[in-house]
2 protein chains.
Amino acid sequence: MNNQWQSYPFISTQLNSVNQCIQEKLKCSNQELQDALVTMATNGGKYLRPAILLTIGQVCGAKDDNDQLIKLAASIEILHMATLVHDDIVDDSPKRRGAVSIQSRFGKDIAVYAGDLLFTAFFDLLLEAIHGSKYLEVNAHAMRKILDGELGQMNQRFNTKQSLDDYLDDVNGKTAALFQLAAQEGAHFAGGDEDAVQHAAEFGQKLGIAFQMLDDILDYTGDDQLNKPVMEDLSTGVYSLPLLMALQADSPQSTTLESILAKGNQLDENDMNQIRQLVIESGAVEQSRELAGKFTQEALESLSALPDNKYNRFLTKMTKKLLKRTI
Amino acid sequence: MNNQWQSYPFISTQLNSVNQCIQEKLKCSNQELQDALVTMATNGGKYLRPAILLTIGQVCGAKDDNDQLIKLAASIEILHMATLVHDDIVDDSPKRRGAVSIQSRFGKDIAVYAGDLLFTAFFDLLLEAIHGSKYLEVNAHAMRKILDGELGQMNQRFNTKQSLDDYLDDVNGKTAALFQLAAQEGAHFAGGDEDAVQHAAEFGQKLGIAFQMLDDILDYTGDDQLNKPVMEDLSTGVYSLPLLMALQADSPQSTTLESILAKGNQLDENDMNQIRQLVIESGAVEQSRELAGKFTQEALESLSALPDNKYNRFLTKMTKKLLKRTI
């Protein structure tokens, strides 16, 4: 994990246990692949989803190092890793978490199976943690939502008329479903009542949406140029929030954007930088930030309906910080 | 499903229910993908694993159209489909079950997610069928064995010194695990006692191994030339049973084979046909058939330890027939 948690020992100690648990589950017949997956699980990952699960658990009264919550936190990170490994195949990503991606190191073939192995490890760990619970179904449902989100995003490729609702539907699946699951499981297995679980689920969902929006916004507020993954997204027709907002505005920029995007997958670097410039000029970045702020606000409201304690205050702080992140 | 079951109404009616159940579970947000998966589930598949599960169930006393067994049979076929969709990505296969493969029709990107969608549908259906049962763990374990088999096979690529034990280990995972699961679940959920479940599991496992060996043998007994998938296997270093047996024999052919295979992935068509000829001359095809016969015999012995009824006699006949199949 990266070290953003170091100043919070209550969570960093637990995240170390999560990492141990993940490493345990990644043992497989191919030592080289196992090492690469362990590296992926250990270096660079923010462990944001496990941290949410464990902290919401403590908001709702869980003790430190509750074995069941650690296992559930590990299961969610493993599911997240599975989707990352398969996404990297789809996106041809050379890098993941600062290291060479599984697909680029071992080829797409092994990456397909590596992702499948992670799905299996997820399933296995989940059974270890909560066999018999109705939360097995909740997990299956979350997996399904993630995939529907990914497929939905694919359906929308190159669609400049994509509505904000379409975008939200897909983000709700591909990103928010796991945040929601983390928060919901944390509350439920810490003994939270139905109301608490409902508020936790809403917190996770809204935070997940805001998190994805921020990701989209950062594409346009970084260096002078778009970074490589964003350029790849553009040329494969995946349009992110600021671009969609710029397209929908009734502005001079929207017409020019339409005409550049009409080139489909034939965009060159010059086109992409022009797109970046037009999106910024249109004011869509600020608009996107406003929308992300609205979801963050909703997340904070759900949080305030949960018990007020130091863990809740920590999550409140973290949620506000996420909106201000620059990387 | 293909029509090999048509003369056995007791099973073909149930397999229609299995197909209905699978179609139900394949509903997704991408209509085109859904249609392709339904086609894959409906045309050409032999439904061998569901047939084994349902018939073993009846051997052990299950009634026709037992809803739980139908769902379990559907879950196994869906898991099988998931592995096929991902295998086709790895193998670059243009065809699957006589139709265009998912990866070749939609691209590898969608095929990655399509396989994941099938894994999710499998998980979901399994929970519907047997929530709370320890057989959830049995399923997770089978999934893991399949993947370990696939990864093991990858580890052995281009290894001309691969032992028969290595081969058996991989086949035990990549093929036999699902046959074993089918037979085991059929017996258990039909109310079979521990002994019956054990015999059923052994039957499935041995049958699965024999089935894969036959598949390997058919590569060398078909037309004059190796077919395209076999050529692709050879050039990606996947060596099947007859070739491994020919390599291990202390014969003049083994030395020549070694020297041709030393070309690695640079084999041309001429090399491949020479390999085919050498393998046949070495007597390895007959040796392989003998070994497959041994496993078939063991499968039949396990079957004979189960209740003797018309369903058992049907499975006995089917098992013997599999050894004689020519396609």
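Residues numbered from 1 in each chain as written. Chains lettered and ligands numbered in written order. Predicted model: local features only at pLDDT ≥ 70, side-chain atom pairs only at ≥ 80, totals over all residues. Heavy atoms only, no water.

**Observations regarding the pattern of salt bridges**
A side chain with one charge can pair with a side chain of the opposite charge if their charged atoms come near. Going by this rule: The working definition used for a salt bridge is a side-chain nitrogen of Lys or Arg within 4 Å of a carboxyl oxygen of Asp or Glu. In this description a helix means any DSSP run of H or I spanning at least four residues, a strand means any run of E spanning at least two, and both kinds are numbered starting from the N terminus. The buried label goes to any residue with under 20% of its type's maximum accessible area, the exposed label to any with over 50%, and the partly exposed label to all in between, with areas taken from a 1.4 Å probe on protein chains only.
One pass over the full model with this rule turns up 22 salt bridges over all chains. A salt bridge links A:Glu258 to A:Lys161, with the shortest nitrogen-to-oxygen separation between them at 2.8 Å. Of the two residues, A:Glu258 sits in helix H11 (residues 252–261) while A:Lys161 sits in the loop between helix H6 (135–155) and helix H7 (164–189), which places them 97 residues apart along the sequence. Under the relative-accessibility criterion, A:Glu258 is labelled partly exposed at 24%. A salt bridge links B:Lys294 to B:Glu298; the nearest nitrogen and oxygen atoms lie 3.6 Å apart. Here the residue B:Lys294 and the residue B:Glu298 both occupy positions in helix H13 (residues 284–304), the gap between them amounting to 4 residues, near one helical turn. Salt bridges here are not isolated pairs; linked through shared partners, they connect A:Lys25, A:Asp67, A:Lys71, A:Asp124 and A:Glu128.

**Here's the deal with the relation of the copies chain A and chain B**
Stated precisely, the cut-off is as follows: When the copies are overlaid, the least-squares fit takes in C-alpha atoms only where the residue has pLDDT of at least 70 in both copies. The contact criterion used throughout is that any non-hydrogen atoms of two residues lie within 4.5 Å.
With an axial shift of 0.0 Å and an RMSD of 0.0 Å, the rotation relating chain A to chain B amounts to 180°. Look at the turn and shift together and you get a two-fold axis relating the two. No C-alpha of chain A approaches the rotation axis more nearly than that of A:Gly132, which lies at 2.1 Å. Taken together, the interface assignments show that 100% of the residues at the interface of chain A recur at the interface of chain B, consistent with an identical surface on both copies.

**Regarding the side chain of B:Thr83**
To be explicit about the condition: Two N or O atoms form a polar contact when they lie within 3.5 Å of each other; inside protein one atom must be a possible hydrogen donor and the other a possible acceptor, and for residues adjacent in sequence the pair counts only when both atoms belong to side chains.
With respect to the helices, strands and loops of the structure, B:Thr83 is situated in helix H4 (residues 67–91). Only 2.7 Å separates the side chain of B:Thr83 from the backbone oxygen of B:His80, close enough to count as a polar contact.

**Regarding the packing of aromatic side chains**
For the record, the criterion: Ring pairs shown here join Phe, Tyr and Trp side chains whose ring centres sit within 6.5 Å, with only the six-membered ring taken for Trp; geometry is labelled stacked below 30 degrees between planes, edge-to-face above 60, and tilted in between. By the criterion adopted, a ring carries a charge over it if an Arg CZ or a Lys NZ lies within 6 Å of its centre and within 35 degrees of its normal.
Counting across every chain of the model gives 14 aromatic pairs over all chains. Judged by centre distance (5.3 Å) and plane angle (75°), the rings of A:Tyr135 and A:Phe189 are edge-to-face. You can see A:Tyr135 sitting in helix H6 and its partner A:Phe189 sitting in helix H7, a full 54 residues away along the chain. Judged by its relative accessible area of 15%, A:Phe189 is buried. Taken together, the ring pairs in this structure connect B:Trp5, B:Tyr8, B:Phe10, B:Tyr311 and B:Phe314 into an aromatic cluster. When the ring centre of A:Phe295 is taken as reference, the NZ or CZ atom of A:Lys294 above it lies at 4.7 Å.

**Things to note about the side chain of A:Ser75**
The residue A:Ser75 is located in helix H4 (residues 67–91) in this model. What A:Ser75 contacts, discounting residues up to four positions off in sequence, is A:Phe122, A:Leu125 and A:Leu126.

**Things to note about the environment of B:Phe123**
All names here are of chain B. As for its position among the elements, phenylalanine 123 is in helix H5 (residues 102–130). Residue class for phenylalanine 123 comes out buried when judged on its relative accessible area of 3%. Along the chain, phenylalanine 123 and serine 75 lie 48 residues apart, while their C-alpha atoms are 7.8 Å from each other.

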